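Topology and contacts: notes
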Amino acid sequence: MILTVTMNPAYDLTYRLERFERGRVHRVLSVEQRIGGKGINVTRVLNQLGIYSRATGFADYAFAAAAELELPVDFVHALPWVRRTLVISESDDGTATSLWEPGARVNDPYAVDQLMVRVNGLLPDTGAMVVSGSLPAGVADSVPAELARTALAAGIPTICDVDGRALELAARIPGVVLMPNGDELRRLTGTSPDTAEEMVTAARPLIDRGVYAVIATRGGAGMVAVTAAGAWSAALPEPMAGNPTGAGDAAAAAVIAALSVDPKPDWPAVLVDAVATSAAAVVIPVAGEIDRSLRTRLAPTVVVTDLSNT
């Protein structure tokens with residue numbers, strides 16, 4: 001089993017329009033609502049790939065009940081309500097505009113303790129873990145790092161896909177895998193890397209301090225992986241147009257799937273799968289879904305470049 005932890009879940013709303021223009025009234029072509037949140041998206045993609053995954057984290061009773069109808073879940077009921085995220089998807093050119101609510105505050109002083117107990121109870125059946133997404137108010141920035149430390153102490157590969165102070169603290173946990181995007185890597189390292197080579201240079205001090213791998217996502221430009229064994233970039237010959245919401249979660253699903261099988265994977269092969277899986281999510285208007293046949297077709301076209309000597 002692969003365990004995902006989402007502490008600030010959301011109802012994902014997608015409005016499809018031909019074209020969005022500020023200051024105008026629009027007729028929406030269609031509306032879709034589904035349960036969401038970064039870790040939940042990872043679980044959904046893994047289950048599509050035939051890999052059993054269970055989602056935990058915080059929720060309210062209504063959200064948890066809705067989630068149970070679709071996915072294996074085990075939430076702590078600590079939120080008074082669950083936020084919404086709105087994506088405006090334009091069919092004219094595939095552009096997506098996102099509006100994300102901040103979410104409710106966790107007021108239960110024992111909520112984090114309950115989550116730690118829940119995760120510890122699931123770890124014996126867990127082969128790998130992903131902690132991802134933002135934190136609700138009232139939850140300390142140290143919680144993702146604490147979860148990662150607990151799992152890694154049990155020998156369970158762990159990805160932390162978080163931001164801000166939470167990412168800084170997670171980067172101090174030996175053995176953790178980090179999956180920042182370009183902006184998150186800049187904030188984490190205090191540098192301004194633009195090219196793949198500059199990203200490798202920025203990430204190497206993190207590896208020297210004990211991080212197992214840094215996999216930086218670059219949107220349509222692909223991904224960069226940096227480990228003690230080497231560094232590589234991977235990208236499609238041409239980026240896919242569509243909705244990037246959830247593409248990073250699809251990439252995280254591909255990476256954690258590989259780590260659950262082999263904690264010392266073939267990193268170039270992992271990058272190929274992550275890039276193809278991410279692109280297969282971009283073409284789907286809603287987050288947490290992939291086009292599996294497209295993923296299969298794209299994988300042989302991914303170009304990998306060895307940057308170990310950078």
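Before reading on, note that the structure itself is shown above.
Residues numbered from 1 in each chain as written. Predicted model: local features only at pLDDT ≥ 70, side-chain atom pairs only at ≥ 80, totals over all residues. Heavy atoms only, no water.

1. Notes on the layout of surface pockets
Rolled over the atoms, a probe as big as a water molecule pinpoints where empty space is left. For the largest pocket, the calculated volume is near 1,000 Å³. For the largest pocket, the lining is made up of 38 residues, of which Lys-38, Pro-244, Gly-246, Ala-247 and Gly-248 are closest to its centre. Broken down by secondary-structure element, the contributors of at least two residues to the lining of the largest pocket are strand E2 (10-17), helix H1 (38-48), strand E6 (83-90), helix H8 (247-261) and helix H9 (267-282). Among the residues forming the lining of the largest pocket, the class breakdown is 16 nonpolar, 14 polar and 8 charged. (1 Å grid on protein atoms, 1.4 Å probe; cavity = no way out; pocket = protein on both sides within 12 Å on 5 of 7 lines; lining within 4 Å. Points joined across faces, edges and corners; volume = space filled by probe spheres on them. Helix = DSSP H or I, 4+ residues; strand = E, 2+ residues; numbered from the N terminus. Nonpolar A, V, L, I, M, F, W, Y, C, P; charged D, E, K, R; others polar.)

2. As for the sheet that holds strand E7 (residues 96-100)
Spatial ordering of the open sheet is given by E3-E2-E6-E7, a layout of 4 strands whose pairing is mixed. The open sheet terminates on both sides in strands that have one partner only, identified here as strand E3 (30-36) and E7. Looking at each pair of strands side by side, their axes are set apart by 20° on average, direction ignored. Direction of pairing for E2 relative to E3: antiparallel, over a ladder of 7 bridges. By the bridge assignment, Ala-10 is partnered in E3 with Gly-36. Contacting E2 and E3, H1 runs over the sheet at an angle of about 95° to E3. (Pairing = 2+ DSSP bridges. Axes fitted to C-alpha atoms, helices over the stretch in contact; angles between N-to-C directions. Contact = heavy atoms within 4.5 Å.)

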